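Read off the chains here:
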Amino acid sequence: MGLLDKLISGIGKVVGESAADGIKKALQGEIDDAKQAFNGTNEAGSTTASYNTTGDDNEGSEDGGLYNEDGRPAAEKIREVLEREFPEYQVRDNVSPETIGGTGRFMRYSFGVYKDNAPKLFIMLIGKTTCRLREYRWSKEQAEKAGVTLINFIVHEPNSVPYITQRLHKYL
């Protein structure tokens, strides 16, 4: 909350310390309420909402459990879905764009999905800002030149098994 404190102290210098203290108390109350709502507790500490992070299918939920996290790494869940849902494909790890004719510096594809020794899909596990990197863009362009679809999964996002399954069915 450092930025908020700096903002409030700046307001205090302009408006007066008592006004800044009032603003700070009001904002802190709102922040506390939001934290309680997110954590599913009310003022008495009892649970008001439940968040399923077990990776269950969540039948009856609006999104079908697509965005629930189960705590496992995305790579593990992607491999599991590929093995279960697409047994006719071969999966290769850490594939270089040089395998499809690229020359130069690239980011490697996290997974290459092949059928009959021909690449059908490349998957990259990336961070939120990876797309800005030149090596990433070159890898993406190389996949496009080779006519192979490239999809990303952002590792900071939940990437639940139902979500991964849905995306892979869309591209394979």
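Definitions and cut-offs
Residues numbered from 1 in each chain as written. Predicted model: local features only at pLDDT ≥ 70, side-chain atom pairs only at ≥ 80, totals over all residues. Heavy atoms only, no water. Core = buried A, V, L, I, M, F, W, Y, C linked by side-chain atoms within 4.5 Å. Buried < 20%, exposed > 50% of the residue type's maximum accessible area, 1.4 Å probe, protein only. Helix = DSSP H or I, 4+ residues; strand = E, 2+ residues; numbered from the N terminus. Contact = heavy atoms within 4.5 Å. Salt bridge = Lys/Arg side-chain N within 4 Å of Asp/Glu carboxyl O.

1. Some details on the nonpolar core
Okay, step 1: Core analysis: the largest hydrophobic core is formed by 14 residues, its most contacted members being Ile78, Leu82, Ile123 and Leu168.
Okay, step 2: Only α3 (74-85), β2 (109-115), β3 (118-126), β4 (149-154) and α5 (161-171) provide two or more residues apiece to this core.
Okay, step 3: Residues contacting Ile123, with those up to four places away along its chain left out, are Ile78, Leu82, Tyr109, Ser110, Phe111, Val113, Leu150, Ile151, Phe153 and Leu168.

2. Quick look at α5
Okay, step 1: Residues Val161, Pro162, Ile164, Thr165, Arg167 and Leu168 constitute the buried set of α5.
Okay, step 2: At its buried positions, α5 is contacted by α3, β3 and β4.

3. Some points on the pattern of salt bridges
Okay, step 1: Taken as a whole and judged by the stated rule, the model has 8 salt bridges.
Okay, step 2: Taking the shortest distance from any N to any O, the salt bridge between Lys77 and Asp70 comes out at 3.3 Å.
Okay, step 3: Asp70 sits in the partly exposed class, given a relative accessible area of 23%.
Okay, step 4: Of the charged contacts, one joins Arg84 and Glu80 as a salt bridge, the two residues approaching to 3.3 Å between their closest N and O atoms. Highlighted residues: Arg84 and Glu80, both in helix α3, separated by 4 residues, approximately one helical turn.
Okay, step 5: You can call Glu80 partly exposed: its relative accessible area is 27%.
Okay, step 6: Sharing partners across several salt bridges, the network here consists of Asp70, Arg72, Glu76, Lys77, Glu80, Arg84 and Glu85.

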